[in-house]
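Descriptive structure summary
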Amino acid sequence: MKIGIVGAGFVGSAAAYAMVMRGVGTEIVLVDRNHDLAVAQAEDILHATPFAYPMPVNAGDYGDLAGSCVVVLSAGANQRPGETRLELLERNAAVFGEIIPRVLSSAPDAVLLIATNPVDVMTQVSLEIARRTTPDFPAGRVVGSGTILDTARFRALLGRHLGISPKSVHAHVLGEHGDSEVLHWSGADAGAMPVSDFAEQVGRPVTDAVRAAIDEGVRGAAGRIIKGKGATWYGIGGGLARIVQAISDDERAVVTCSIVNPSVAGVENVALSLPRVLGATGVLETLQPTLSPQETADLARSAGILKEAVTKLGIG
Ligand SMILES: NC(=O)C1=CN([C@@H]2O[C@H](COP(=O)(O)OP(=O)(O)OC[C@H]3O[C@@H](n4cnc5c(N)ncnc54)[C@H](O)[C@@H]3O)[C@@H](O)[C@H]2O)C=CC1
Ligand SMILES: CC(=O)C(=O)O
């Protein structure tokens, strides 16, 4: 399975590296406006393959994306310290107006996996662009990485608090990949029991202070990391590799990710994250989790913020 990546900067290269280390796909092609960068990243990542999963890793042009089952889109501007994801919108929407038609003319059957921020709005922009040439382009074939990263942060922090592997924690972040995201505390579980029960049993209760610290740890992660090192890449690289694996292996894994929803929390036609079943053609099913009244209100607020952003852009 060939995997294409457009945008070979921090995020695209970390995704390629994570795929090589996990053995996702059988060939990777990196495309970037800065071709020399793509060449250098491909060469560097290729050198990791003897320690992981041998596969060709090359830089290429759009034509080399032909036959890709998934194309990751990680091109465009990233946040400067203090900037929100939504502030990147106009710059990155213009970049995608150029990129998406070129990707689809070379790889018309690929699932598009959007990482560029603001990722939910960029997912909706991408679907809109794809539908200009293919009006019935399925919404489930344009997948935003959405809150896969926030969900990973939530699981990592809960696992650390409980003293267990984050793999044994099932807890999702819903809504915007951004400031209005919703930590689904009422649905969080560990070891097949509600997280609060597990926490009491192991003597590490989730007090209001713990909960507030985890909420801030998740919601404030990007800002902190960007302040410290200029950008984030390892977490999202791992998350993108995980999504690509689910698609390329037709795995039917449940992952929080973003697509355009016909209706969510009373808001129509807006992209945001919910738990979804991922397989070869992208999103196969969307799950509607049971939420507390406060979580329902928070998800509606998040959907409203995203809807306002797409409406300003003249889509949705
Ligand atoms: N979804 C998520 O959870 C996350 C998303 N991001 C987002 O990913 C995006 C990329 O971030 P970084 O990799 O840190 O940025 P970067 O600046 O390192 O890489 C972006 C790459 O896009 C390329 N590019 C720009 N315009 C292009 C065009 N028209 N055609 C082809 N290539 C083009 C640039 O040459 C550059 O190499 C940003 O929007 C960032 O906010 C970053 C972290 C997490
Ligand atoms: C930059 C970004 O979106 C993140 O690390 O969450």
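Read on for an overview of the structure.

Each value, and the rule that gives it
Residues numbered from 1 in each chain as written. Chains lettered and ligands numbered in written order. Predicted model: local features only at pLDDT ≥ 70, side-chain atom pairs only at ≥ 80, totals over all residues. Heavy atoms only, no water. Buried < 20%, exposed > 50% of the residue type's maximum accessible area, 1.4 Å probe, protein only. Helix = DSSP H or I, 4+ residues; strand = E, 2+ residues; numbered from the N terminus. Pairing = 2+ DSSP bridges. Near = heavy atom within 4 Å. Polar contact = N/O pair within 3.5 Å; in protein donor to acceptor, adjacent residues only side chain to side chain. Areas by Shrake-Rupley, 256 points an atom, 1.4 Å probe, with all protein chains shown as cover. 1 Å grid on protein atoms, 1.4 Å probe; cavity = no way out; pocket = protein on both sides within 12 Å on 5 of 7 lines; lining within 4 Å. Sits in = over half its atoms within 2 Å of the grid points. Nonpolar A, V, L, I, M, F, W, Y, C, P; charged D, E, K, R; others polar. Points joined across faces, edges and corners; volume = space filled by probe spheres on them. Domains from an automatic or database assignment.

1. Remarks on the pairing of strand β4 (residues 68–73)
- Burial analysis of β4 places six of its six residues in the buried class, which makes it a mostly covered element.
- Across five bridges, strand β1 (residues 2–6) lies against β4 in parallel orientation. Looking at β4, one finds that Ile3 is bridged to Val70.
- Here β4 runs beside strand β5 (residues 111–114); their pairing, made up of four bridges, is parallel. Paired with Val70 across the two strands is Val111, which belongs to β5.

2. Description of the site of ligand 2
- In the vicinity of ligand 2, the residues found are Gln79, Arg85, Asn117, Leu149, Arg153, His177, Ala222 and Thr232.
- With respect to ligand 2, the side chain of Asn117 contributes an N or O atom lying 2.9 Å from an oxygen atom.
- At 2.7 Å, a side-chain N or O of His177 approaches an oxygen atom of ligand 2.
- When ligand 2 sits alone it has 220 Å² of accessible area, and the protein chains cover 91% of it.
- Placement of ligand 2 is best described as lying within the largest pocket.
- Each residue belonging to the shell around ligand 2 can be placed in one class, and the counts come to two nonpolar, four polar and two charged.

3. Re the layout of surface pockets
- Reported here for the largest pocket is a volume of approximately 840 Å³.
- Ser74, Ala75, Gly76, Ala77 and Thr116 are, among the 41 residues lining the largest pocket, the residues nearest its centre.
- Those elements giving two or more residues to the lining of the largest pocket turn out to be α1 (10–22), α2 (35–46), α3 (89–106), α5 (148–162) and α8 (221–229).
- Looking at which element gives the most residues to the lining of the largest pocket, the answer is α3, with four residues.
- Both domain 1 (2–144) and domain 2 (147–313) contribute no fewer than three residues apiece to the lining of the largest pocket.
- Counted as a void, the second largest pocket has a volume near 510 Å³.
- Lining the second largest pocket are 18 residues, with Ile148, Thr151, Ala152, Arg155 and Arg242 sitting closest to its centre.
- Mapped by element, the contributors of at least two residues to the lining of the second largest pocket are α5, β7 (169–170), α9 (234–248) and β12 (253–264).
- Per-class residue counts for the lining of the second largest pocket are eight nonpolar, six polar and four charged.

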